[in-house]
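Results of the structural survey
Here's the letter readout for the chains.
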Amino acid sequence: MDTSMTQLSPPLVLVFAASDPTSGAGIQADLMSIASMSCHPLTALTAITVQDSVGVEAVLPLDARWVEAQARAVLEDMPVDAFKIGLSGSTEIIEVIARILDDYPEIPMVLDPVLASGRGDELANDEIIAALRELLLPRTTVLTPNSLEARRLLENDDDGEPTLAECAQRLIALGCRHVLLTGTHANTPQVVNTLYDASGVVRSDTWERLAGSYHGSGCTLASAVAAGLAHGLAVDEAVQQAQEYTWQTLAAGFRPGMGQ
């Protein structure tokens with residue numbers, strides 16, 4: 001008897017994200033992270049990018065109907081345990097993702113709000129940011145912004161420049177259940193990542209700040225969180241495990257090109 005078809009499947013994580021030819025970020029980095037966390041990745045490609053280790057030169061969003069068709073095909077075939085969303089590419093794609101999430105409200109979702117490249121190349125306009133706020137934040141289990149992304153998501157807020165803790169609470173008020181605010185962009189000797197929910201700080205973790213800058217660290221972290229949730233971990237446990245994994249990958253990083 002062939003037992004290969006009766007073996008239990010690992011947890012499945014469906015990723016919506018754009019490609020990165022360097023494989024340092026984007027859907028390629030998601031694949032490596034999720035597989036390294038003992039899950040099986042499924043993908044719905046949202047956009048094709050032209051980029052290297054220095055920056056992003058061009059982004060070509062796919063037709064939203066193709067994004068939906070990719071996701072529906074695997075969702076109708078396989079029991080997905082978590083969603084991870086990265087660069088969407090267009091408001092139409094965000095609308096499609098929101099409709100899909102509405103059909104699977106019990107499945108946890110991790111949102112990495114990719115708004116700019118490490119070099120600062122703009123990857124989301126005001127319409128895309130508004131769509132993220134209105135359509136995806138209310139469906140998000142864990143949002144993983146850095147300080148710049150958190151403030152951009154709230155840039156239409158008229159109450160001045162809030163503290164990061166206030167940013168987290170305002171993002172939660174928009175509907176997401178948890179916010180993991182990363183400290184990579186802060187001018188501090190160590191990186192402090194803080195997880196919030198509606199009651200306040202859930203956990204705060206401090207990590208050695210490594211020299212240099214790293215391509216795809218946000219993609220890696222968010223994918224690792226999604227993998228932990230797919231394994232059935234509580235949010236705080238998934239966040240701790242994902243941070244440990246991400247720090248180890250950065251500490252073992254290498255520089256094959258001219259950029260990050």
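Up top you'll find the structure we're talking about.
Residues numbered from 1 in each chain as written. Predicted model: local features only at pLDDT ≥ 70, side-chain atom pairs only at ≥ 80, totals over all residues. Heavy atoms only, no water.

1. Digging into helix α4 (residues 126-136)
- Within the sequence span of α4, burial applies to Ile128, Ile129, Ala130, Ala131, Leu132, Arg133 and Leu136.
- The inward-facing, buried residues of α4 contact β5 (82-85), α3 (91-103), β6 (109-111) and α5 (147-153).
- At the N-terminal boundary of α4, the capping side chain belongs to Asn125, with an oxygen 3.1 Å from the backbone nitrogen of Glu127. (Buried < 20%, exposed > 50% of the residue type's maximum accessible area, 1.4 Å probe, protein only. Helix = DSSP H or I, 4+ residues; strand = E, 2+ residues; numbered from the N terminus. Contact = heavy atoms within 4.5 Å. Polar contact = N/O pair within 3.5 Å; in protein donor to acceptor, adjacent residues only side chain to side chain.)

2. Some points on the packing of helix α1 (residues 26-36) against helix α7 (residues 217-230)
- One can describe the packing of α1 onto α7 by two numbers: an axis separation of 8 Å at closest approach and a directional angle of 40°. Our classification of the angle between α1 and α7 gives oblique. Our pair here, α1 against α7, has a crossing hand that is right-handed. Residues Gly26, Ala29, Asp30, Ser33 and Ile34 of α1 form the contact with α7, whose participating residues are Cys219, Thr220 and Ser223. (Axes fitted to C-alpha atoms, helices over the stretch in contact; angles between N-to-C directions. Parallel < 35°, antiparallel > 145°, perpendicular 65-115°, else oblique. Left-handed = near helix turned anticlockwise from the far one by under 90°.)

3. Concerning the sheet that holds strand β7 (residues 142-143)
- Strand order across the open sheet formed by eight strands is β2-β1-β5-β6-β7-β8-β9-β10, with mixed pairing between neighbours. Because the sheet does not close on itself, it has two edges, and the strands there are β2 (40-45) and β10 (200-208).
- Two strands pair when backbone bridges link them, and β5 and β6 are joined in this way by three bridges, in the parallel orientation. Bridge pairing links Lys84 to Val110 in β6. (Pairing = 2+ DSSP bridges.)

4. A word on the environment of Glu122
- The residue Glu122 is located in the loop between β6 and α4 in this model.
- Counting along the chain gives 66 residues from Glu122 to Val56, while the straight-line C-alpha distance between them is 8.7 Å.
- Setting aside residues up to four positions removed in sequence, Glu122 forms contacts with Leu115 and Arg152.

5. Remarks on the packing of aromatic side chains
- Evaluation of the coordinates by the stated rule reveals two aromatic pairs.
- Ring centres of Phe83 and Tyr104 lie 6.4 Å apart, and the angle between their planes is 70°; on these two criteria the pair is classed as edge-to-face. With Phe83 in strand β5 and Tyr104 in the loop between α3 and β6, this pair connects stretches of sequence that are 21 residues apart. Pair check on accessibility: Phe83 and Tyr104 agree, each one buried.
- Members of the aromatic cluster, each reached through a chain of ring pairs, are Phe16, Phe83 and Tyr104. (Phe/Tyr/Trp six-rings, centres within 6.5 Å; stacked < 30°, edge-to-face > 60°.)

6. Regarding the environment of Pro113
- Assignment of secondary structure puts Pro113 in the loop between β6 and α4.
- With a relative accessible area of 1%, Pro113 lands in the buried category.
- Taking C-alpha positions, Pro113 is 20 Å from Tyr245, a pair spaced 132 residues apart along the chain.
- In contact with Pro113, not counting residues within four places along its chain, are Leu143, Thr144, Pro145, Glu149 and Leu153.

7. Points about the packing of helix α2 (residues 64-75) against α3
- The interhelical angle for the contact between α2 and α3, taken along N-to-C directions, is 25°, at an axis separation of 8 Å. Classified by the angle their axes make, α2 and α3 are roughly parallel. Considering how the two elements wind past one another, α2 and α3 form a crossing that is right-handed. Contacts from Ala64, Val67, Glu68, Ala71, Arg72 and Leu75 of α2 reach α3 at Glu92, Ile93, Val96, Arg99, Ile100 and Asp103.

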